[in-house]
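Here are the chains, one letter per residue:
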Amino acid sequence: MLAFVAGAVVLRSPALLYSALNYDESMYLLMGAELAKGHLPYTTVCDLKPFGLFALATPFTMTPFDPVILSRIGASVTVGLTAWMLSRIAALLFDDANRAIGVTAGLGYIVFSIATGGMAFQGELFHNACAVLALLLVLRSARRRMPPDLVTMAAAGLVLGIGVQIKQSVLFDMLAFLAGYFILTTPHWRDLGAHARASLRPLAMLGAMSLVPTLLVVLLYVVLGHWDAWFAGNIQAHRVFYGGDRGVEWDAMLRALAEQAPLWIAALLACALVRWLARDGGEKRSVAFLAIWAASVMLCQIFLRIGSDHYVLQFLPPLSLLAGLAVGRGLLQPVQGRRAKAAALAVLAGLSVFAVAKEPLMHSIYIVRDRLAGETWAGDTPRRVAADVKPLLREGDAIYVVGFHPAIYFLTGAEIPTRFAFTGMPNFYAPGRDGCPWVEPAVEMRRILDSRPRFIVVEDGIYYRELRDDVRGMLDAELAGKYREVKSYDQHFVHHLYPFERFVMNGGAPATLYEAIDPEEQPQSGTGGIGEAAGAS
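Residues numbered from 1 in each chain as written. Predicted model: local features only at pLDDT ≥ 70, side-chain atom pairs only at ≥ 80, totals over all residues. Heavy atoms only, no water.

### A short note on the layout of surface pockets
- Taken as a whole, the second largest pocket encloses approximately 470 Å³ of empty space.
- Lining of the second largest pocket is provided by 27 residues; of these, Ala 33, Lys 37, Tyr 409, Phe 410 and Gly 413 occupy positions nearest its centre.
- Sorting the residues of the lining of the second largest pocket by element identifies helix H2 (23-36), helix H3 (51-61), helix H17 (381-389) and helix H18 (407-412) as the ones contributing at least two each.
- Residues belonging to the lining of the second largest pocket are distributed by class as follows: 13 nonpolar, seven polar and seven charged. (1 Å grid on protein atoms, 1.4 Å probe; cavity = no way out; pocket = protein on both sides within 12 Å on 5 of 7 lines; lining within 4 Å. Points joined across faces, edges and corners; volume = space filled by probe spheres on them. Helix = DSSP H or I, 4+ residues; strand = E, 2+ residues; numbered from the N terminus. Nonpolar A, V, L, I, M, F, W, Y, C, P; charged D, E, K, R; others polar.)

### A look at the packing of aromatic side chains
- Taken as a whole and judged by the stated rule, the model has 22 aromatic pairs.
- With 6.0 Å between their ring centres and 70° between their planes, Tyr 42 and Phe 54 make a pair best called edge-to-face. You can see Tyr 42 sitting in the loop between H2 and H3 and its partner Phe 54 sitting in helix H3, a full twelve residues away along the chain. For the pair Tyr 42 and Phe 54, a shared accessibility class is recorded, and that class is buried.
- Three or more aromatic residues joined by ring pairs make a cluster, and in this case those are Tyr 28, Tyr 42, Phe 51, Phe 54 and Tyr 221.
- Looking at Arg 383, its charged tip hangs above the ring of Trp 377, at a distance of 4.8 Å from the centre.
- Lying over the aromatic face of Tyr 483, Arg 452 brings its terminal NZ or CZ to 5.4 Å of the ring centre. (Phe/Tyr/Trp six-rings, centres within 6.5 Å; stacked < 30°, edge-to-face > 60°. Buried < 20%, exposed > 50% of the residue type's maximum accessible area, 1.4 Å probe, protein only. Lys NZ or Arg CZ within 6 Å of the ring centre and 35° of its normal.)

### Remarks on the sheet that holds strand S2 (residues 455-459)
- Here we have four strands laid out as an open sheet, ordered S1-S2-S4-S3, and mixed in their pairing. If you trace the sheet from one side to the other, it starts and ends with strand S1 (399-402) and strand S3 (483-489), each paired once. Averaged over neighbouring strand pairs, the angle between their axes works out to 20° when direction is ignored.
- Sheet topology places S1 next to S2; four bridges connect them, and they run parallel. Pairing of Val 401 across the sheet is with Val 457, part of S2.
- Packing against the sheet, helix H21 (residues 469-482) makes contact with S1, S2, S3 and strand S4 (511-516), and its axis sits at approximately 105° to S3. (Pairing = 2+ DSSP bridges. Axes fitted to C-alpha atoms, helices over the stretch in contact; angles between N-to-C directions. Contact = heavy atoms within 4.5 Å.)

### Thoughts on the side chain of Gln 165
- Relative to the assigned elements, Gln 165 resides in helix H7 (residues 150-166).
- By relative accessible area, which is 7% here, Gln 165 ends up buried.
- Side-chain polar atoms of Gln 165 contact the backbone nitrogen of Phe 51, separated by 3.4 Å.
- Beyond its immediate chain neighbours, meaning those up to four positions away, Gln 165 contacts Pro 50, Phe 51, Gly 52, Leu 53, Pro 213, Thr 214 and Val 217. (Polar contact = N/O pair within 3.5 Å; in protein donor to acceptor, adjacent residues only side chain to side chain.)

### So, the pattern of salt bridges
- If you walk through the whole model with that rule in mind, you get 23 salt bridges.
- Put simply, Asp 380 and Arg 383 hold a salt bridge, and the shortest N to O gap is 3.8 Å.
- Under the relative-accessibility criterion, Arg 383 is labelled buried at 9%. (Salt bridge = Lys/Arg side-chain N within 4 Å of Asp/Glu carboxyl O.)

### As for a nonpolar patch on the surface
- On the surface, a cluster of nonpolar side chains totalling about 480 Å² of accessible area is made up of Leu 216, Leu 219, Leu 220, Val 223 and Leu 224.
- Assessed through its relative accessible area of 47%, Leu 224 is described here as partly exposed. (Patch = residues over 30% accessible without salt bridge, like charges linked within 9 Å, V, L, I, M, F, W, Y side chains within 5 Å. Areas by Shrake-Rupley, 256 points an atom, 1.4 Å probe, with all protein chains shown as cover.)

### A few points about H21
- In this model H21 runs 20 Å from its N-terminal to its C-terminal C-alpha over 14 residues, within 8% of the 20 Å that 1.5 Å per residue would give.
- Buried residues in H21 make contact with S1, helix H19 (441-450), S2, helix H20 (462-465), S3 and S4. (Expected span 1.5 Å × (residues − 1).)

### A look at the packing of helix H1 (residues 2-11) against helix H5 (residues 100-112)
- Interaxial distance between H1 and H5 falls to 10 Å at its minimum, and their mutual angle equals 25°. It follows from the interaxial angle that H1 and H5 lie roughly parallel. Helix-helix and strand crossings are classified by hand; for H1 and H5 the assignment is right-handed. Across from Phe 4, Gly 7, Ala 8 and Leu 11 in H1, the residues of H5 making contact are Gly 102, Val 103, Gly 106, Leu 107, Ile 110 and Val 111.
- Residue composition of the contact of H1 with H5, grouped by class: seven nonpolar, three polar and no charged. (Parallel < 35°, antiparallel > 145°, perpendicular 65-115°, else oblique. Left-handed = near helix turned anticlockwise from the far one by under 90°.)

### Quick notes on the confidence of the model for the protein chain
- Per-residue confidence for the protein chain gives a mean pLDDT of 91; residues scoring 70 or more make up 96%.
- Confidence drops under pLDDT 50 across residues 522-528; counting only partners more than four residues distant or on other chains, this segment forms five contacts.
- Predicted confidence is poor over residues 531-537, with pLDDT under 50, and the contacts of this stretch with residues over four places away or in other chains come to nine contacts. (pLDDT = per-residue confidence, 0-100.)

Structure (C-alpha cells):
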C-alpha cells in the first residue's frame, strides 16, 4: 500500500506547481473555505456540485498550511489508496498469486490519473475511491459467505452514498455493480431466481444505506432553514445544466478518451482474448463484469453529454483491471523471475508515463527553472496576483474577479462581492445554472460595481471577451473612470510550448489588476497602493 501511495505522490508532484489547474477545483476550495467559516454551501457562493465535495475540501482550508498543496497531496494519496484497492480486487477476480495483474492494474490507475485533467483535486478521483472501496468490501464478504453479511453491505452502501454526495456519477458505477453482483455470484443462470431472493435483504440494506448521506444533508438544510438553497444548487441547477436540446459533445469526449488510448487498447485486448487469458469460467465472468462496468460509465458520459476531460477519469478502475489482466497474464507471465517481471513492468510504466505526461513534465522543468532563478510564482497568475495584493488588504476589502480565477478569492482571503464567484457573473445563456437564484447580469454587474470593490482582476480570456456588450461596457466604463490599471500579468511562454493540461489549465492565463481610485486617501510611505508594491517586487 505504501508503495502505491508513494508512487502516486511522486508521479503527480508536478500538480503542486500551480494554484489553479481547473476552475472547478478552485470552487471546491473556495466553498470549503466558506464552509470552514460556518457558511453552508450554496448560501454565500453559488455552485451546483454536491455537498460532499465541498466537505472534502474543507479540512484543507482549515490548517495554517497552503490549502492548494494539501489538497493536491490529499488527491494523490487517494489515488494511491485506490490503486492499492484495485490490486486487492484483482486478486478476488482473478488467480493472481504472483500479483502481476494487481500491481499492473494499480500502476495503470496511477499513471493514467495524470491525464485528462486528473492532476487536479477532482471529484472523480474521490468518487472512484468510494466505488472501488465499496466493491472491495462486497467482494471480500462474498468470498467468505453468500449472500454477503448485512454489516458489510451496510458499510458498502454508506460508502457509495458518500460517493453520491461527492458526485452523482457514481450511480452508474452502482448500476454496474448490481449487474456484476449477479454475474459473479450466481452459480448457474437457472439458480438466478433463488439467488435473487436470498440476496434481497443484503441488497436492500446496501440500497437503503446509500441514501443515508443524502438524506442527512437534506435534513441539515431543512433544519437550518436553507432548503431553498440546497434545492437551487442540487435540483434546479441540474435541470438547467443537463436539460435542453444540447447534443452529446462527441468530439470533446473522443479527444479526452484518446489520452487514455493505451489503457483502452489493453482493456479491449483483454476482452477480445478472454478465451486465452482467462483460466476458468469465473475469470471469464469477471471480464464480463468489468466490460459492463466500462459500458455503464460510457452511458454516464452520454447522459452528461458535455465531454469534459476529467469526466473520463471514471473509466480508470474497470479499464485498469482489464489492462492488468492483459499485461499481467499476457505479457508478464512468460517472464521468469520476480526481478525480471518488475523490470519489464517498470519499463512499460515508464513508457506510458512519457506517452501520457510528456508535456506537463517538460512544462514543469521550465517552470521550476524560472522559480529557482528568482521568479517565485512563475507561470501561476492567481499566486502572482495574491502575492501583490494580500499584503495590502485591509479588513473588509473586496476583490472582484472576472473570469476563471476564483482561486484568487481564497488565496487572498478578501471579501467576495458576488455570489457568482465561479466567473464573476451569472450565466448568460442558462438562467439558474449557477446553483443559486438567477439575477439579470446587468443588474448584478451594477450592484457589484456600486459596492466599490477595492481591486478588480480581469482575466484576458474568452469569458471577458464574450461578456454581453452592455455588461462589458459597464465594467469597462467603471475601470476607465474610477480605477487605475496597476499591473498586468502575462502568460509564461511554456504554456504555449508545452501545455501543462491539454484542455482546461487556466492557472497561467494572463490578467490585469485594477485598484479603485480614492481621491481622499493619499498613499503613505510603506503602505501605498498596489503599484508601489508591484514596483518594489
